[in-house]
Amino acid sequence: MEAIHLWWIGEKDPGPRTLEHLQLHLGRAIGLPVAVWDDPARPPDAYDARRKQWSTSRILAWLVQSGPPGLVLAVTDQDLFIPILTFVFGEAQLGGRAAVVSSARLGEPGLPDPRVALERLAKESVHELGHCFGLVHCDRPGCVMGRSSGARDVDKKRGEFCTTCRGRVMRSGGEAR
Amino acid sequence: MSGENTRVLVVDDEEIVRESLGGWLHEDGFHVQNAPDGRAAVELMKGDRWNVMLVDLKMPGMDGLQVLEEARKLQPEAAVIMMTAYATVDTAVTAMKLGAFDYLVKPFDPEELSILMQKVVAQQSLVRENAVLRKALKKEHRFRDLVSKSPAMQRVFELAQVAARSNSTILVLGESGSGKEVLARTIHEESPRAGGPFVAMSCAALTETLLESELFGHEKGSFTGANARRKGKFEMAAGGTLFLDEIGDISPKLQLDLLRVLEERKFTRVGGNEPIDVDVRIIAATNKDLKKAVADGSFREDLFYRLNVIPVTLPPLRERKEDIPLLVDHFLDRLEAEMKRRVKVSPEAMSALLAHDWPGNVRELRNVLERGAVVAQGDVVKPSDLGLAPAPARAPGANAPGEPVSLEEVEKRHISEVLSHTGGNVSQAARLLGIDRVTLYNKIKKFHFRRDGEEPDA
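Residues numbered from 1 in each chain as written. Chains lettered and ligands numbered in written order. Predicted model: local features only at pLDDT ≥ 70, side-chain atom pairs only at ≥ 80, totals over all residues.

Novice: How would you sum up the overall build of chain A? Please name residues and give values.
Specialist: Broken down by element type, chain A carries five helices and eight strands. Looking at chain A as a whole, 47% of its 177 residues qualify as buried. Taking all contacts inside chain A whose residues are at least 6 apart in sequence as the whole, residues at least 24 apart take part in 65%. (Helix = DSSP H or I, 4+ residues; strand = E, 2+ residues; numbered from the N terminus. Buried ≥ 20, exposed ≤ 12 C-beta atoms within 10 Å, placed from the backbone. Contact = placed C-beta atoms within 7 Å.)

Novice: Give a description of the confidence of the model for chain B that names residues and reports values.
Specialist: Residue and element names in this part refer to chain B. Of the residues in chain B, 89% have a pLDDT of 70 or more, and the chain-wide mean is 85. A low-confidence stretch, residues 391–397 stays under pLDDT 50, and its non-local contacts, those more than four residues away or across chains, total nine contacts. With a pTM of 0.53, the predicted complex shows an ipTM of 0.81. (pLDDT = per-residue confidence, 0-100.)

Novice: How would you sum up the environment of Arg17(A)? Please name residues and give values.
Specialist: Residue and element names in this part refer to chain A. By secondary structure assignment, the location of Arg 17 is in helix 1 (residues 16–30). Under the C-beta neighbour-count criterion, Arg 17 is labelled exposed, with 11 such atoms within 10 Å. Separated by 101 residues in the primary sequence, Arg 17 and Leu 118 place their C-alpha atoms 9.4 Å from one another.

Novice: Summarise the interface of chain B and chain A; cite the residues concerned and give the values.
Specialist: Counting from both sides, the interface comprises 19 residues of chain B and, opposite them, 16 residues of chain A. Sorting the residues of the side of chain B that touches chain A by element identifies helix 1 (15–27) and helix 5 (110–140) of chain B as the ones contributing at least two each. Ranked by residue count, the leading element in the side of chain B that touches chain A is helix 1 of chain B, at seven residues. By residue class, the composition of the side of chain B that touches chain A is nine nonpolar, five polar and five charged. (Nonpolar A, V, L, I, M, F, W, Y, C, P; charged D, E, K, R; others polar.)

Novice: Provide a residue-level description of the sheet that holds strand 3 (residues 47–48) of chain A, including the pertinent values.
Specialist: Residues and elements named next belong to chain A. Taking strand neighbours across the sheet as the criterion, the three strands line up as 3-4-6 in an open arrangement whose pairing is mixed. With one partner strand each, in any of the chains shown, strand 3 and strand 6 (80–81) form the two edges of the open sheet. Looking at chain direction, strand 3 and strand 4 (residues 53–55) are connected through two bridges and run antiparallel. Across the sheet, residue Asp 48 finds its bridge partner in strand 4, namely Gln 53. Across the sheet, helix 2 (residues 56–66) lies against strand 4 and strand 6, angled at about 50 degrees from strand 4, the strand it touches most. (Pairing = 2+ DSSP bridges. Axes fitted to C-alpha atoms, helices over the stretch in contact; angles between N-to-C directions.)

Novice: Now, about the pairing of strand 1 (residues 7–11) of chain B: what can you tell me, with residues and values included?
Specialist: All names here are of chain B. When you tally the buried positions in strand 1, you get four out of five residues, the bulk of the element. Bridge count between strand 1 and strand 2 (residues 31–35): five bridges; the pairing is parallel. Looking at strand 2, one finds that Val 10 is bridged to Asn 34. Bridging between strand 1 and strand 3 (residues 52–56) involves four bridges; their strand directions are parallel. The residue of strand 3 that forms the bridge with Val 8 is Val 52.

Novice: So what's going on with the packing of helix 1 of chain A against helix 3 (residues 114–132) of chain A? Residues and values would help.
Specialist: Residues and elements named next belong to chain A. Packing of helix 1 against helix 3 leaves a shortest axis separation of 10 Å and a crossing angle of 45 degrees. When the interaxial angle is binned, helix 1 and helix 3 end up oblique. When the axes of helix 1 and helix 3 are compared, the crossing they make is right-handed. When helix 1 is examined against helix 3, the residues Thr 18, His 21, Leu 22, His 25, Leu 26, Ala 29 and Ile 30 are found in contact with a partner set consisting of Leu 118, Leu 121, Ala 122, Ser 125, Val 126 and Leu 129. A class-by-class count of the residues in the contact of helix 1 with helix 3 yields nine nonpolar, four polar and no charged. (Parallel < 35°, antiparallel > 145°, perpendicular 65-115°, else oblique. Left-handed = near helix turned anticlockwise from the far one by under 90°.)

Novice: Talk me through the sheet that holds strand 8 (residues 170–173) of chain B; I want residue IDs and the actual numbers.
Specialist: Residues and elements named next belong to chain B. Ordered in space as 9-12-15-8-16, the five strands form an open sheet in which the pairing is parallel. One side of each edge strand has no neighbouring strand; the edge strands of this open sheet are strand 9 (198–202) and strand 16 (310–313). Each neighbouring strand pair of the sheet contributes to a mean axis angle of 20 degrees, computed without reference to strand direction. Pairing of strand 12 (residues 241–245) with strand 15 (residues 281–286) involves four bridges; the strand directions are parallel. The partner of Thr 241 across the bridge, within strand 15, is Arg 281. Seen against the sheet, helix 7 (residues 180–190) touches strand 8, strand 9, strand 12, strand 15 and strand 16 and runs at an angle of roughly 170 degrees to strand 12.

Novice: Explain the packing of helix 6 (residues 151–165) of chain B against helix 7 of chain B to me, and be specific about the residues and the numbers.
Specialist: All names here are of chain B. The interhelical angle for the contact between helix 6 and helix 7, taken along N-to-C directions, is 50 degrees, at an axis separation of 8 Å. With respect to each other, helix 6 and helix 7 are oriented oblique. Handedness of the helix 6/helix 7 crossing: right-handed. Contacts from Ala 160, Gln 161, Ala 163 and Ala 164 of helix 6 reach helix 7 at Leu 183, Thr 186, Ile 187 and Glu 190.

What follows is the structure in structure tokens.
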């Protein structure tokens, strides 16, 4: 499979460290080259004014239509939702090529070390890309594909796939180590 | 969460809800299918089994409550979760009363959905496990209509199963109400004669002449009132089984007649000369001590040996109290089919049933439960509904007067009684005795009890 494109679609400037860290982390977990896609375009109709949140399904559709070729992970600082849930950390096309992840709820106020939020974002990025490789949620303790309903759940996971999930990613074109 | 074997049906008229919820659950590994309205959901319920249904309350046409009602009828074991907007929370509460598993207010908090789905998966796996265990237990503790887990009855079942395959005469011994006829019928149904008739006849309370005519039939005019030829039970049971209850009560003349039939496999009707071939398997039963009757000369020894080819003894219910909960369950199933109403027995009522001595055995238990089910206000049978006389007060380890025993002996007898009362349940017995389980286990070991309080066979 070709390289993974990392695309910042948030409002504020993420700063160089955020994308670098994600690049490094994703490259290590999935084993594919990760390139930053620098484009100022933003999904035009994904914002829901009533909910004051961004619709992941519209973002995913826009990524496929307007984004770079191959696997693309959009990263934002805006709050995301799917219609049935109050919020989501991210969403991906299961077995598809687009995923989106948000830092909006990963760094609660008063978090002593900002690196914790960055680590959570890295884990959720790997998690959403895992869905693109066809992975569903995993029950094995510590696997990055475990379901996270809150930020604390993310802290319980490691940033990597378990052996079984890693094997599936490799068979699907990743080269996870 | 492990949802791999869990089938989920999402019913919502909004496509976006179906897709987002379906996608979310699919990522959790659930097998998900969507239905756009109530009618489509009902059709899917008719075709497939669903473990969980997430149903929107407000839908055009058939609404969520109607879908819930159909689900209760078509798939009562499925967990139905209602989805609702704030405005209809009252309706969701109504849905809970109608048997919904839970409800979620849209949009859901991811954690709430996640926890609820974990609860459903756990509940569904318990439902499956429970069904499997109940089925296995019922199979293990049953011999057709006979229900028991007591070792003594298990031996009866084994013997009866072997006996059923032969054509030999069987003598069933047991107290009144212990299930002698039920056992005889079961043996018949398990035997190669199952396709033939099962004819039951009580030999008590009939005069000698009447009984003779009932058994062997009579020719027209053979006695006053014999206006037509009549077949007796031996002829009616041809090709099948003849069950002769209360065999210990028949007169010496009939004993002789019966002995001849058993020896020659032929008989003649009363007033007739024509010998008729006998093709029946005899199962006789009595609550009398036939050996004693032979000893005192009231029962023919030769007939006793003819009948006693395969003796089967049914233990009285008071000696197999561990069967009471099983039998209660069995009779409540029966009563449910008859009364179209399921009743439960309260823990207090069950204690009263376990404490009773059951002189009328299983028949008495069945009658007491029937009374309880009829009298009960609501679905729970309470002790007062059973109409059982209170057990006579008896000092623990009571002994025959003038026979002093040691303190240890009193303790041994009391523990034995309590263990027997709890059907061998050590935790319950320890609670009743006011000691901890370890102490009770030590005493069981010390007194060489089995856990049902019985002393082991020598």
